[in-house]
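Listed below, chain by chain, are the residues.
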Amino acid sequence: MNSMIVVSGGAGFIGSHLCERLLKEGNRVICIDNFVTGRKENVQHLLQDEKFSLVEQDITKPFSLDEKVEQVYNMASPASPVDFAKIPLEILAVNSVGTRNMLDLASLNKARFLESSTSEVYGEPLEHPQKETYWGNVNSIGERSCYDEGKRFSEALVMAYAREKELETRIVRIFNTFGPRMRKDDGRAIPNFVSQALEGKPLTVYGKGKQTRSFCFVSDQVDGQIKLMNSGYGLPVNVGNPVEITILELAEKVIELVESKSKIDFKPLPKDDPTRRMPDISLAKKEIGWQPKVKWEDGLKQTIDWFKKPFFPG
Ligand code: UDP
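Right, let's walk through the structure included here. Keep in mind that this is a model prediction, so the values were computed, not measured.

Parameters and conventions
- In this convention, every chain numbers its residues from 1, walking through the sequence in written order.
- Given that this is a predicted model, residues contribute local features only at a pLDDT of at least 70 and side-chain atom pairs are listed and counted only at 80 or more, while totals for whole chains, interfaces and linings are drawn from all residues.
- Heavy atoms throughout the structure, all of them, feed into the side-chain values; hydrogens and water do not.
- Strands are runs of DSSP state E lasting at least two residues, helices are runs of H or I lasting at least four, and both sets are numbered from the N terminus onward.
- In the analysis that follows, any N or O atom pair within 3.5 Å is treated as a polar contact, provided that within protein one partner can donate a hydrogen and the other can accept it, and provided that, for residues neighboring in sequence, both atoms belong to side chains.
- When checking whether two residues touch, look at their non-hydrogen atoms; a contact exists if any pair is within 4.5 Å.
- The near set for a molecule or strand comprises every residue that places at least one heavy atom within 4 Å of it.
- Gly counts as polar in this scheme, as do all residues outside two lists: the nonpolar Ala, Val, Leu, Ile, Met, Phe, Trp, Tyr, Cys and Pro, and the charged Asp, Glu, Lys and Arg.
- Here, a strand pair is defined by DSSP locating no fewer than two bridges between the strands.
- Simply put, an axis is a line fit to the C-alpha atoms, just over the touching stretch for a helix, and the angle between two N-to-C directions goes from 0 to 180 degrees.

## Considering the side chain of Ser 16
Step number 1: Position of Ser 16 among the secondary structure elements: in helix H1 (residues 13-24).
Step number 2: Side-chain polar atoms of Ser 16 contact the backbone oxygen of Gly 12, separated by 2.9 Å.
Step number 3: Once residues lying within four places of it in the same chain are set aside, the contact partners of Ser 16 are Gly 10, Ala 11, Asn 42, Val 43, Leu 46 and Arg 181.

Put into structure tokens, the structure is as follows:
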């Protein structure tokens, strides 16, 4: 492949792994980021590659690119519940105005567009596991609504561009994904538990830890997104690991792998925290020939090793 590809949010956790993989496959990559939750360090090691360029830009503000672009991955959005509480207006803006600007960029270039949506569109799911045909159960005024509704709106925008402007679009619904380059302070379960265990502090399990999630390693996530972009399938596709575990199990596994003496400290459950979440990935298998390869425990070991490094390894 030798395409010109734009990745907004390319200095973020998933975005930076995506840029790296696209470059490895021989493409040219323009990474756009405003570093609200992304970090320059995430892509520092790519800067010497002449096929890579980094543009500091808030995608909610008008901008243009000189190059002709063939594919656009819209990965820009804060995605941690901690961000939902701190910067809800920015999250709503990036998933509406920001997504629209990226869609216009794709339209102008007649490029193919991929939107990074989320399992959060299913809200507190009444269907389990979640299939793409499930319409969801979202609290439109709750503390997570800036993200859940922001992403639901972005999916609606994408489908409107596909229908009205005949843009070639793809929507990936990302389920919980983890790996190196997650922010230590991003507030999600894996970075919290790993850093707490490494520091010998108690692991903060919310509620009784009975809620479930299904954790996908970032290399698998990126693989699914690239397969989806290059497929012929225009409706949303779940990309996540269909192995469901409780949060307490996760905390205990982290303690075991770190060989930590940390205890578990049960804290109040945040509002609207989904009780169960697990993707049905039969559509991904059928339409894009994808399923995860990395076991969550193996991915967790790699993530722990990365968090152990005293400097920012990139
Ligand atoms: N969680 C927890 N302790 C933490 C951080 C998160 O018990 O220190 C729980 C959280 O309540 C949720 C699950 O872990 O039930 C996954 O949370 P995360 O923020 O990683 O992702 P999301 O809620 O977006 O799935």
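Now that the structure is up, let's keep going.
## Overview of the environment of Phe 113
Step number 1: Here Phe 113 shows up in strand E5 (residues 112-118).
Step number 2: C-alpha separation for the pair Phe 113 and Pro 236, spaced 123 residues apart in sequence, amounts to 13 Å.
Step number 3: Residues within four places of Phe 113 in sequence aside, it is in contact with Val 72, Asn 74, Thr 99, Met 102, Leu 103, Ala 106, Val 158, Leu 167, Glu 168, Thr 169, Arg 170 and Met 229.

## Considering the site of the ligand
Step number 1: Taken together, 18 residues are adjacent to the ligand, and Thr 204, Tyr 206, Arg 213, Asp 273 and Arg 277 come closest.
Step number 2: Contact distances for the ligand include 2.7 Å between an oxygen atom and a backbone N or O atom of Tyr 206.
Step number 3: In the model, an oxygen atom of the ligand is placed 2.6 Å from a nitrogen or oxygen of the Arg 213 side chain.
Step number 4: Every element with two or more residues in the shell around the ligand is listed here: helix H5 (189-198) and strand E8 (203-206).
Step number 5: Residues that form the shell around the ligand fall into these classes: seven nonpolar, five polar and six charged.

## Topic: the sheet that holds strand E1 (residues 4-8)
Step number 1: In spatial order, the strands read E3-E2-E1-E4-E5-E6-E11; together these seven strands make up an open sheet with parallel pairing. The open sheet terminates on both sides in strands that have one partner only, identified here as strand E3 (52-56) and strand E11 (237-239). Taken pair by pair, the neighbouring strands of this sheet meet at an average axis angle of 20°, ignoring direction.
Step number 2: Sheet topology places E1 next to strand E4 (residues 71-74); four bridges connect them, and they run parallel. Within the sheet, the bridge partner assigned to Ser 8 lies in E4 and is Asn 74.
Step number 3: The strands touched by H1 within the sheet are E1, strand E2 (28-33), E3, E4 and strand E6 (169-174), with E1 carrying the most contacts at an inclination of about 170°.
Step number 4: On the sheet, helix H4 (residues 145-164) packs against E5 and E6 and is oriented at approximately 155° with respect to E5.

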